[in-house]
Amino acid sequence: MTATMNSKTTSPALDNKVPDGPIATKWEDHKFSMKLVNPNNKRKFTVIVVGTGLAGSSAAATLGELGYNVKAFTFHDSPRRAHSIAAQGGINAAKNYQNDGDSVHRLFYDTVKGGDYRSREANVHRLAEVSVNIIDQAAAQGVPFARDYGGLLDNRSFGGAQVSRTFYARGQTGQQLLLGAYSALNRQIHAGSVEMHNRKEMLDLVVKDGQTCGIVVRDLLTGEVESHSAHAVVLATGGYGNVYYLSTNAMMCNVTAAWRAHRRGAFFANPCYTQIHPTCIPASEDHQSKLTLMSESLRNDGRIWVPTAFDDNRLASDIPEAERDYYLERKYPAFGNLVPRDVASRNAKTVVDEGRGIGPLKNGVFLDFADAIARDGVETIKAKYGNLFDMYANITGENPYERPMRIYPATHYTMGGLWVDYHLMTTIPGTYAIGEANFSDHGANRLGASALMQGLADGYFVLPYTIGDQLAGKLGEGTVPTDDPVFKAAEAEVADQTKKWLSIGGTKSPEHYHRELGRIVWDRIGMARDKNGLEKAQDEISSLEEEFKKNVRVKGDNTSMNTELEKVGRVADFFELAKLKARDALVREESCGGHFRVESQTEEGEALRDDENFSHVAAWEWNGEDTEQTKHEEQLDFEYVALSQRSYK
Ligand SMILES: Cc1cc2nc3c(=O)[nH]c(=O)nc-3n(C[C@H](O)[C@H](O)[C@H](O)COP(=O)(O)OP(=O)(O)OC[C@H]3O[C@@H](n4cnc5c(N)ncnc54)[C@H](O)[C@@H]3O)c2cc1C
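Model, not experiment: these values are computed from the prediction. (Residues numbered from 1 in each chain as written. Predicted model: local features only at pLDDT ≥ 70, side-chain atom pairs only at ≥ 80, totals over all residues. Heavy atoms only, no water.)

Counting its regular elements, the chain contains 17 helices and 19 strands. Taken over the C-alpha trace, the chain has a radius of gyration of 24 Å; the compact-globule value for 649 residues is 26 Å, and the two agree within 12%. Expressed along its principal axes, the backbone C-alpha trace of the chain runs to roughly 75 × 60 × 50 Å. Taking all 649 residues of the chain together, 61% fall into the buried category. A fraction of 75% describes how many contacts in the chain between residues 6 or more apart in sequence connect residues 24 or more apart. Surface summary for the chain: the accessible area is close to 24000 Å², and the carbon and sulfur share equals 49%. Computed over 73 positive and 87 negative side-chain charges, the inter-centroid distance for the chain is 2 Å. (Helix = DSSP H or I, 4+ residues; strand = E, 2+ residues; numbered from the N terminus. Rg over C-alpha atoms; globule rule 2.2 N^0.38 Å. Buried < 20%, exposed > 50% of the residue type's maximum accessible area, 1.4 Å probe, protein only. Contact = heavy atoms within 4.5 Å. Areas by Shrake-Rupley, 256 points an atom, 1.4 Å probe, with all protein chains shown as cover. Lys, Arg positive; Asp, Glu negative; His and termini not counted. Charge placed at Lys NZ, Arg CZ, Asp CG, Glu CD.)

Structure representation (structure tokens):
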């Protein structure tokens, strides 16, 4: 079935390298046609992996196991600190253990549809194919996935799917998967194939004659700036959700590695695509610096509602059934509380904006387990979600077994990122991006439990094949020595920049500017965007950035650990990203997935796509400090999933 909708062409700068052939066998066939590096030659290549979350750890461990010389970097004190450890709910895979109609094709279909038809079909199909291997790999490593009564691996449902395909380890799936990947990584560190560099922050990517040759890092404990040379660099540095300041991401998450690569020539794709997760604990005051996610898995059993009356101050228990609006069940009977995240988030915003919000600040909706507890018993609910309930009680002081949780959407995940081809290579030859750092397989909206799947698919099963195809052509070439002028120039730039931040001597901290930037980004480029607001955002971000550069205050020095100094560079990159994000959102004059343009909605208030004009990936090319980026387009053609208005009714 062909549903291609436009005749526009892809920019010549974006060769996605998607192989020909039927989608079901494309990846298998391609694996055979790619060049191989034989085992003895692998040790002649050095590969740098920046980031040791699920994507980076799995890639570094696998490349090490294959025989490459790997250098892995993280700014954390241990790979185990990566933000991946926070993932709670689960990981998708098309195993069909439940025998409820799942298949590789259905996972592929759900993901393309869930992403609102803004992802590349070939990549998504490959992701669905290798999803099944990930579970075997993790189970073999000893990841303690939940099991059912008979001892088989258990599954639950996540949003945007009508089958149960989510594997989980209570509410700690990311932690357990990371322990698995970390063990594999440690094995390679012990074997000598991976050289681990903790507490080093990548601050530049080094490119010589158009080819990647290494990175420049700053030692966060001593301030020393050093270069590392390699045949290829893999960026597994996570997402940019903290551009909003308040988010569910770990506080250290930032865009710096990806942004510095962008400034060296890697195109940045779809920066306006951000996922706002519907089930977070609402902000409780103005100076809060972090929001907490309550896993999507809770929507399996929790029912979401608000009072039908406006400004209702009664306790939930005092509101009779007839005066409750279970708005997701009412509007979307087929998916109910398990509609995808973008739909659930927008609906929560609508009822709160209407004046039906609950809680002290009227900024939340109820997530109610009373029916589930009455049906299954408290022990069953405890076994499924006990640690999440405890976390909620610790943070709010309220007992969720006795009264409904309060939840509200918050920034959670970024679908945009570095543009990559089918081989996961950026527009700089030899630089790869994997996991949340790339623009990924999730289109304009990621389905729950699919980030862990993608990060591990990239790291364990895709990159280890595709990187060889490029490296095979470099056999006999050494790495560029780190005393080459190209490294020395990059080191000098990093050192100068550091000195500059320390010398400004302004009055406000990097944290202050981050918080103010986040306010603008949330207000203007948050759950709903319009032309007027986006134009204002551009002006407001630019003037705040100007003030930041003149008035930021960084205390301390450069020869010992200095978290303000670390932060100021990250905030500077967030400013540049925020400007691009506003521009990307402004020129995408359609709604799709997590990008909701107020001007483009159906009569029922759902996101209205414009396939004729916007069925493309927007990939932005850096043109230098004071010049706007150039937009390139990769057209998206849909041969196997027919484009339609998404409906979860
Ligand atoms: C609270 C929460 C719960 C979630 N739950 C789920 C879930 O249940 N299922 C699911 O599928 N997804 C979930 N997600 C999303 C998922 O956790 C992430 O998308 C995924 O873990 C990202 O993995 P990653 O390896 O790409 O990046 P990360 O885990 O963010 O790792 C990034 C790594 O890069 C390093 N790094 C970054 N910049 C630099 C630099 N400049 N120099 C050196 N090192 C650097 C960091 O030290 C870190 O090691 C959740 C997210 C959150 C916030």
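Oppositely charged side chains are able to pair whenever their charged atoms sit close together. Under the criterion given, the structure shown has 53 salt bridges. One salt bridge in this structure joins Arg303 and Asp371, with 2.5 Å as the shortest N-O distance. Within this pair, whereas Arg303 is found in strand 12 (residues 303-307), its partner Asp371 is found in helix 10 (residues 370-376), the two being separated by 68 residues in sequence. Owing to a relative accessible area of 22%, Arg303 belongs among the partly exposed residues under this scheme. Owing to a relative accessible area of 39%, Asp371 belongs among the partly exposed residues under this scheme. In this structure, Asp353 and Lys349 form a salt bridge, with 2.9 Å as the shortest nitrogen-oxygen distance. Residue Asp353 and its partner Lys349 are both found in helix 9 (residues 341-356); the two are separated by four residues, about one turn of the helix. Take Asp353: its relative accessible area is 52%, and that puts it in the exposed class. One salt-bridge network, in which partners are shared between bridges, spans Asp116, Arg118, Arg588, Glu590, Arg609 and Asp611. (Salt bridge = Lys/Arg side-chain N within 4 Å of Asp/Glu carboxyl O.)

Let's shift gears to the sheet that holds strand 11 (residues 274-280). Taken in spatial order, the five strands make up an open sheet running 11-15-14-12-13, and their pairing is antiparallel. Each edge of the sheet is formed by a strand with only one pairing partner; in this case those strands are strand 11 and strand 13 (324-325). Against the sheet, helix 9 engages strand 11, strand 12, strand 13, strand 14 (365-368) and strand 15 (405-414), with an angle of about 65° to strand 11. (Pairing = 2+ DSSP bridges. Axes fitted to C-alpha atoms, helices over the stretch in contact; angles between N-to-C directions.)

If you check the shell around the ligand, you find 37 residues, and the closest are Thr74, His76, Ser84, Gly89 and Glu436. Backbone polar atom of Thr52 to an oxygen atom of the ligand: 2.9 Å apart, as the coordinates give it. Burial of the ligand by the protein chains amounts to 97% of its free accessible area of 1000 Å². Mapped onto the shell around the ligand, the elements with two or more residues apiece are helix 3 (54-66), strand 6 (200-208), strand 15 and helix 12 (451-471). (Near = heavy atom within 4 Å. Polar contact = N/O pair within 3.5 Å; in protein donor to acceptor, adjacent residues only side chain to side chain.)

What follows is about the environment of Ile215. Mapping Ile215 onto the fold places it in strand 7 (residues 211-219). Judged by relative accessible area, which is 0%, Ile215 ranks as buried. Once the C-alpha coordinates of Ile215 and Ile48 are considered, the two residues, 167 residues apart in sequence, prove to be 8.3 Å apart. The contacts of Ile215, once residues within four sequence positions are left out, are Ile48, Val50, Phe73, Met202, Asp204, Leu205, Val206, Glu226, Ser227, His228, Val233 and Phe487.

Here strand 9 (residues 232-235) shows no split at all, with Ala232 and Val234 on one side and Val233 and Leu235 on the other all buried. In terms of strand pairing, strand 1 (residues 46-50) meets strand 9 through four bridges, oriented parallel. Note that in strand 9 the partner of Val49 across the bridge is Val234. Alignment of strand 9 against strand 17 (residues 431-433), held across three bridges, turns out to be parallel. Paired with Val233 across the bridge in strand 17 is Thr431.

Attention now moves to the environment of Gly386. Examined against the element boundaries, Gly386 turns out to sit in helix 11 (residues 378-396). Between the C-alpha atom of Gly386 and that of Gly171, which follows or precedes it by 215 residues, the distance is 8.1 Å. The contacts of Gly386, once residues within four sequence positions are left out, are Arg170, Ile381 and Tyr401.

With five of five residues buried, strand 1 lies mostly within the body of the structure. Bridge analysis of strand 1 against strand 2 (residues 69-73) gives five bridges, and the strand direction is parallel. Considered in strand 2, the bridge of Thr46 is made with Asn69. Traced from strand 1 through helix 3 to strand 2, the parallel crossover comes out right-handed. (Right-handed = clockwise from strand over helix to strand, strands pointing away.)

A word on the confidence of the model for the chain. The share of residues in the chain with pLDDT of 70 or more is 99%, and the mean pLDDT across the chain is 95. Put simply, helix 9 is where the chain has its lowest mean pLDDT, 92, and strand 9 is where it has its highest, 99. Predicted confidence is poor over residues 1-7, with pLDDT under 50, and the contacts of this stretch with residues over four places away or in other chains come to 21 contacts. (pLDDT = per-residue confidence, 0-100.)

The terminal C-alpha atoms of helix 3, which comprises 13 residues, lie 18 Å apart, in line with the 18 Å expected from a rise of 1.5 Å per residue. Helix 3 sits mainly inside the fold: eleven of its 13 residues count as buried. Of all the residues in helix 3, the buried ones are Leu54, Ala55, Gly56, Ser57, Ser58, Ala59, Ala60, Ala61, Thr62, Leu63 and Gly64. On the buried face of helix 3, the contacting elements are strand 1, strand 2, helix 6 (173-191), strand 5 (194-197) and helix 12. (Expected span 1.5 Å × (residues − 1).)

Roughly 710 Å³ of volume is contained in the second largest pocket. If you trace the second largest pocket, you find 29 residues lining it, with Leu246, Ala283, Leu291, Trp522 and Asp523 closest to the centre. Of all the secondary structure elements, the ones that give two or more residues to the lining of the second largest pocket are helix 9, strand 15 and helix 14 (510-524). With five residues, the top contributor of residues to the lining of the second largest pocket is helix 14. When the residues that make up the lining of the second largest pocket are grouped by side-chain class, the tally is 16 nonpolar, six polar and seven charged. (1 Å grid on protein atoms, 1.4 Å probe; cavity = no way out; pocket = protein on both sides within 12 Å on 5 of 7 lines; lining within 4 Å. Points joined across faces, edges and corners; volume = space filled by probe spheres on them. Nonpolar A, V, L, I, M, F, W, Y, C, P; charged D, E, K, R; others polar.)

Before going further, it helps to examine empty space enclosed by the protein. Tallied over the full model, the rule gives seven cavities of 30 Å³ or more. For the largest cavity, the lining is made up of 13 residues, of which Leu203, Arg260, Thr498, Leu565 and Gly569 are closest to its centre. Among the residues forming the lining of the largest cavity, the class breakdown is four nonpolar, four polar and five charged.

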